[in-house]
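Chain residues, written in single-letter form:
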Amino acid sequence: MLRTYLAAAGAARLADEVVAVAVVLLVHARTSDLALAGAVVAAYTLPSVLSGPLLGAWLDRARRPAAVLAGNQFLLAAVAVGLWWAIGRAPVAVVLGLAALTGVTLPVTSGGFSGLVPRLVPATDVTRATDADALLFGVAAIGGPALAGALAVTAGEDAAVLVIALLAGAGGACAAVLRPAPRDGSAVPPRLATAVRRGLAHLVSGPPLRGGTLTTVLGFGSTGVLVTALPVRVGELGADGGAAGLVWTAFEAGCVTGLLLVRRHLPRWAPEHVVFVATALHGLVLATWPLAGSVPALLALAALAGLVQGPVLTSIITARRLYSPADLLGQVSTTGASLKIGAFSVGAAAGGPLVVSSGAAVAVLVVAVGQLIASAAGCAAARTGRAAVRRSRWGGAGNSGCVRGSPAGTPVSYPAVVAPAPARASTEIRGAPMSTPPLPPEADALLRRPNPCVMATLRSDGTPVSTATWYLWEDGRVVISLDEARVRLKHLRRDPRVTFTVLAEGDWYTHVTLVGRVVEMYEDGDRKDIDRISEHYTGKPYADRVNTRVTAEVEVDRWHGWGAMKDNDQPSG
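Cut-offs used in this document
Residues numbered from 1 in each chain as written. Predicted model: local features only at pLDDT ≥ 70, side-chain atom pairs only at ≥ 80, totals over all residues. Heavy atoms only, no water. Salt bridge = Lys/Arg side-chain N within 4 Å of Asp/Glu carboxyl O. Helix = DSSP H or I, 4+ residues; strand = E, 2+ residues; numbered from the N terminus. Buried < 20%, exposed > 50% of the residue type's maximum accessible area, 1.4 Å probe, protein only. Pairing = 2+ DSSP bridges. Patch = residues over 30% accessible without salt bridge, like charges linked within 9 Å, V, L, I, M, F, W, Y side chains within 5 Å. Areas by Shrake-Rupley, 256 points an atom, 1.4 Å probe, with all protein chains shown as cover. Arc of directions from axis to C-beta. Lys, Arg positive; Asp, Glu negative; His and termini not counted. Contact = heavy atoms within 4.5 Å. Phe/Tyr/Trp six-rings, centres within 6.5 Å; stacked < 30°, edge-to-face > 60°. Axes fitted to C-alpha atoms, helices over the stretch in contact; angles between N-to-C directions.

J.: When you look at the pattern of salt bridges in this model, what are you seeing that I'm missing?
T.: Should the charged atoms of two oppositely charged side chains come close, the side chains can pair. If you walk through the whole model with that rule in mind, you get 13 salt bridges. Among the ionic pairs, Asp-133 bridges to Arg-13, the shortest N-O distance being 2.7 Å. Placement of Asp-133 in helix 7 (residues 126–154) and of Arg-13 in helix 1 (residues 2–31) is noted, with a sequence separation of 120 residues between them. Grouping residues by exposure puts Asp-133 and Arg-13 together as buried. Two residues, Asp-557 and Arg-517, come together in a salt bridge whose shortest N-O distance is 2.3 Å.

J.: Sorry if this is basic, but what is going on with the pairing of strand 6 (residues 464–468) here?
T.: With zero of its five residues buried, strand 6 lies for the most part at the surface. Strand direction decides the pairing type here: strand 5 (residues 453–458) and strand 6, joined by five bridges, are antiparallel. If you follow Thr-457 over to strand 6, its bridge partner there is Val-465. Counting the residues that bridge the hairpin from strand 5 to strand 6 gives five residues, and of these Gly-462 lies at a positive phi of roughly 90 degrees.

J.: Hey, could you run me through unusual backbone geometry in this one?
T.: Of all residues except glycine, most have a negative phi; of all peptide bonds, most are trans. The omega angle of the peptide bond from Pro-437 to Pro-438 is 5 degrees, so this bond is cis rather than trans. With respect to the element layout, Pro-438 can be found in the loop between strand 4 (432–434) and helix 18 (441–448). Non-glycine residue Asp-475 carries a positive phi angle of around 55 degrees. Accessibility expressed as a relative area gives 76% for Asp-475, which makes it exposed.

J.: How should I be thinking about a nonpolar patch on the surface in this particular structure?
T.: On the surface, Leu-46, Val-49, Leu-50, Leu-339 and Val-346 cluster together to form a nonpolar patch covering roughly 440 Å² of accessible area. The set of elements that each furnish at least two residues to the nonpolar patch consists of helix 3 (48–61) and helix 16 (329–358). You can call Leu-46 partly exposed: its relative accessible area is 40%.

J.: Which parts of the structure should I look at to understand helix 11 (residues 226–236)?
T.: An α-helical turn contains 3.6 residues, so a residue and the one three or four places further along point in the same direction. What helix 11 keeps buried is the set Leu-226, Ala-229, Leu-230, Arg-233 and Val-234. The arc that holds every buried residue of helix 11, seen down its axis, measures 125 degrees, which confines them to one face. One or two residues past the end of helix 11 sits Gly-238, with phi positive at roughly 90 degrees.

J.: Which parts of the structure should I look at to understand the side chain of Arg-549?
T.: Structurally, Arg-549 can be placed in strand 11 (residues 549–562). Although Arg-549 is buried, it makes no salt bridge; Asp-483 carries the closest opposite charge, 4.2 Å away. Beyond its immediate sequence surroundings of up to four residues, Arg-549 is in contact with Ser-481, Leu-482, Asp-483, Tyr-522, Glu-523, Asp-524, Arg-527, Ile-530 and Tyr-542.

J.: Honestly, the packing of aromatic side chains in this entry has me stumped. Any pointers?
T.: Geometry of an aromatic ring pair is reported as the spacing of the ring centres plus the angle between the planes. In this structure the tally under the stated criterion is five aromatic pairs. Between Trp-470 and Tyr-537 the ring centres are 5.4 Å apart and the planes differ by 10 degrees, which places this aromatic pair in the stacked class. Of the two residues, Trp-470 sits in the loop between strand 6 and strand 7 (472–474) while Tyr-537 sits in helix 20 (residues 528–538), which places them 67 residues apart along the sequence. Judged by relative accessible area, Trp-470 falls into the partly exposed class, the value being 32%. Measuring from ring centre to ring centre gives 6.4 Å for Tyr-471 and Tyr-537, while their planes differ by 65 degrees; the resulting arrangement is edge-to-face. One end of the pair, Tyr-471, is in the loop between strand 6 and strand 7; the other, Tyr-537, is in helix 20, and 66 residues separate them in sequence. The class for Tyr-471 is buried, based on a relative accessible area of 2%. The structure contains a cluster of three or more aromatic residues connected by ring pairs, namely Trp-470, Tyr-471, Tyr-537 and Tyr-542.

J.: Looking at this model, I keep getting lost on the sheet that holds strand 5. Mind explaining?
T.: One key point about sheets: their strands pair by backbone hydrogen bonds, in either a parallel or an antiparallel sense. If you walk across this open sheet you meet the seven strands as 6-5-9-10-11-8-7, and the pairing is antiparallel. In this open sheet, the two strands that pair with only one neighbour each are strand 6 and strand 7. Direction aside, the axes of adjacent strands within the sheet are offset by 35 degrees on average. Taken together, the seven bridges between strand 8 (residues 477–483) and strand 11 define a ladder with antiparallel strand orientation. Within the sheet, the bridge partner assigned to Asp-483 lies in strand 11 and is Arg-549. Relative to strand 5, helix 19 (residues 487–494) is tilted by about 55 degrees, and along the sheet it contacts strand 5, strand 6, strand 8, strand 9 (497–504), strand 10 (507–523) and strand 11.

In short, shape yes, function no, at least from these values alone.
Spelled out as C-alpha cells, the structure:
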C-alpha cells in the first residue's frame, strides 16, 4: 500500500510542480503577456488560503478520502487540457477561472495526501513513510521544473502543459485504489462548520504546532521574494535569467540531501525544534548569497541552504501528526499547506517592487532576515503557551473549563496551558487546598523511586480512563513513554490534561497525586527514553524493539499528598 501511495502522491506533486513553469511558458509563447502569466499562477495558488481549512475538514469527515484525492487529480487533468485549449484563444476571464477552479483544491495535493499516511501503514512504519512522503516533495520540486523545461525545448510548450494532465490522471488512478484504515465509527462527526472551527483552533492554540506552523508560513512567505529576485541576481552575475532555475534545482537537491543525512536522527528531537533551528540556519546561509561573485558560487551556496533546510518539511509533517488527533489531521495538514502557499504568493507579489526599488542583493538579504524572524517568532509562539496563565473560571471568558472529576471551579484550559499560581492554595478538594509546585523533598524522593503509578486521561466524551504506567520524575516533570498504537496516546493528542497517582511501595495509603498537562511530545526513535524508564523499573532495556514509541513530558500544575505525604489539613479517613 505504501508503494501505491508514493506513486499517487509523487505523480500528483510532480504535476503540481510542472504547472507553474509549463503554464507560464505557454502563456508567453502564445501571448507574450508576462502579466497574464503571473495572474494565472496567482489564480492557481491564492484560492487555497481560503479553501484549505474547509477542504481539510471535509476530508476528515469523508468516508472515502482516497476518492476525494483521486477526484482532485482528475479535476487537475481536465483543467490542464482546458488551459491548453483556452490560453491565447479564449477570454482572459476563462483562463483565470480555470486556473482558480483547480487552485481551490490545491491544498488536497499539498497536505491531503500527507494526512492520510497514518491510516495507510502500520504504526511501526509511520516514521519511515513520513520521511518518504517528505522526500517526494523535494524530488517533485527538482523534477517538475526540469521536466517542464525539457519538454518545452524538445516538444513545445503545448506538450509541457498536456503532460500535466497525464501525470495528474496517473496520480488519480493510483489514489483511487488506496484503502486507508477506517476511522472509529463510534463518534458522531460534528457539523462541517464546527469541524472547521475546531481544526483552526487546534492549529493555533497548541503551542508546539502553533510555533512550527508560524515559522514555516513566515519562512515560506519570505522565500517567495526569490521568485523575482533570483532572475535579476543571476543576470547581475553575467548569466541568462533562466539560470535562476538552476539555483532552485541546486537548492532542492540540497534539501533532499540534507533530509537523507539526518532522517535517522530526527526522532531524537521535538519536530518543532528542528523547524526552528533549521530555518534559522537557512537564513544565515541565505545572508551569504549576495557575496557570491559568480553563478557557480551561487549554486554552491544554494545547495548549502537546501542542506540545512532539508529537515523542515518532514519535521512539520511529523509535528502535525504528533500533535493532532486523528479526526483533525487532514484539516490541519491542508490548512497548514494552504497558509504556506498563500504566504508564498504574497512574497512573490511583494518581490517585484522590492527588487525594483532596492535591488536583487537587498531583496535576498530581506529573505534571509525573514527566515530569522520566522524562526524567532515560531519559537516565541511555542513558548508563549507554557507561560500563559488562565485565571478564568468555568463559564468565564476564554477557553477555560473544568477537569471532569475535579471540583467545580477548578480552572483548566485546553489547549492553553494552566500555569501554577504563586500561592500555595490554588485549588480546593473538599474544602482543603491543593498545593502547587515545587514539591517538598520527601514527595520528590517518593516520585524518584520506581513506585507503582496510575495515570488518568480523558476520552472525547469526557469520560476519565485510568491505566497503570511506568514513569520517570525528572526536573519537576513526569516523563512517560507510550506505544504509538495506544489509545491513551490518542487521548493526550486530543486533550493534554492528565493526572498521575504514585503509590508508595508497601504502603498504598501513602501516595502523591499530580495534576498537569503534556507540554512536549516526540518520537523516541532510538528508544533512549523507554530504555531509561524500563531500566528504572526492571534493570533492563525495554524488550520490544519493533513498535514505535512516543515520549510525552508532563508539566505539573497542582498536587496533593496523602498518608505520610499529606500536604493539607483535611482529616484522615
